[in-house]
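Listed below, chain by chain, are the residues.
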Amino acid sequence: MSETNPPIKIELVSDPMYLCGARELVSCIAHRIGFDDMECSKIALAVDEAMCNVIRHGYERATDKPIWVTITPLSESDESFGGIEIVIEDEAKQIEPTAIKGRELEDIRPGGLGVHIIREVMDSVVFEKRETVGMRLTMQKRADRPEEAPRISSRSSCPIPAERRVS
Amino acid sequence: MRERPIAARAGGFPLSNDNFIDIEHPESGVCVVIPRHDVDMSRSPILRSAIKDEMGSGLSKMIVDLGDVQYMDSSGLATLVEAMRGAKNANVSLYLASMNAKVRAIFEIAKLDAFFSIVDSRDEALSA
């Protein structure tokens, strides 16, 4: 992995009320990198699902625990067209990464879809234990086509999705 | 037709979730549930409560109008799966109407788009 920009790192408390802030930030940066509206929405969904899992399973719905989200644009290279890396870390109880699995979709019932959605949306998904306490999830998404390669510009502003523009 | 906010009845939710859901009864036996904002982990319990409250006797059709929902996560999806099961048990026809492409994408990712009756508009659901 090569980095073109320094990563952005934010800390949130584990209150579901603030999921929207993380989603907006990730979506906005993904737009800036060059992903289209639909891909930005899906990347934000993956982040939302990951944070929900931390809150629900890791912290057992406690709303005052820390979650760190680190966002790094991935540069274009011979092997890829660039993309985004998102790392989500917590101080929740540690579990074996191999135990983190999505359920079978044939079993139609509420819940248990988060890991499946994350793996479906992102190109690379790695769960691991942090060195001392908590878990780390590293996710990468690459742009699909050459024309969707990152277009990072220090002058461009974050585009507002069409449905949220005010005329 | 009557409208009423749900958040106050759900209890314990922050002020920003007031008026999150509207309920309309355009005709006898028909209920339209209308979430007014994104449906995520913080708001799914309110939607679940609203649907459960309306899934009573005398209801033949429920429409969840998602036209104002720009974003939904798997907690919203789980709420609607639960609603569909409840509707089948109560012999109520449940329709999901007016969802945008981004919301529809999560149904497709979870391969649940075929599990629901998804229609383009509330009018289509009313006439179905």
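The rules behind each value
- Residues numbered from 1 in each chain as written.
- Chains lettered and ligands numbered in written order.
- Predicted model: local features only at pLDDT ≥ 70, side-chain atom pairs only at ≥ 80, totals over all residues.
- Heavy atoms only, no water.
- Pairing = 2+ DSSP bridges.
- Helix = DSSP H or I, 4+ residues; strand = E, 2+ residues; numbered from the N terminus.
- Axes fitted to C-alpha atoms, helices over the stretch in contact; angles between N-to-C directions.
- Contact = heavy atoms within 4.5 Å.
- Buried < 20%, exposed > 50% of the residue type's maximum accessible area, 1.4 Å probe, protein only.

1. Overview of the sheet that holds strand β1 (residues 21-27) of chain B
Residues and elements named next belong to chain B.
Then, in step 1: The five strands are arranged β1-β2-β3-β4-β5 in an open sheet whose pairing can be described as mixed. In this open sheet, the two strands that pair with only one neighbour each are β1 and β5 (117-119). Averaged over all adjacent pairs, the angle separating strand axes in this sheet is 25°, with direction ignored.
Then, in step 2: Pairing between strand β4 (residues 93-97) and β5: three bridges, direction parallel. Paired with Tyr 95 across the two strands is Ser 117, which belongs to β5.
Then, in step 3: Of the strands in this sheet, β1, β2 (30-35) and β3 (61-65) are in contact with helix α2 (residues 44-54), which crosses β1 at around 25°.
Then, in step 4: Lying on the sheet, helix α3 (residues 74-89) is in contact with β3, β4 and β5; it crosses β4 at an angle near 150°.

2. Details of unusual backbone geometry
Then, in step 1: Phi is positive for A:Arg61, close to 70°, though the residue is something other than glycine.
Then, in step 2: According to the relative accessible area criterion, A:Arg61 is exposed, its value standing at 52%.
Then, in step 3: The residue B:Asn91 is not glycine, and still its phi comes out positive at about 55°.
Then, in step 4: Looking at the secondary structure, you find B:Asn91 in the loop between α3 and β4.
Then, in step 5: Given a relative accessible area of 69%, B:Asn91 falls into the exposed group.

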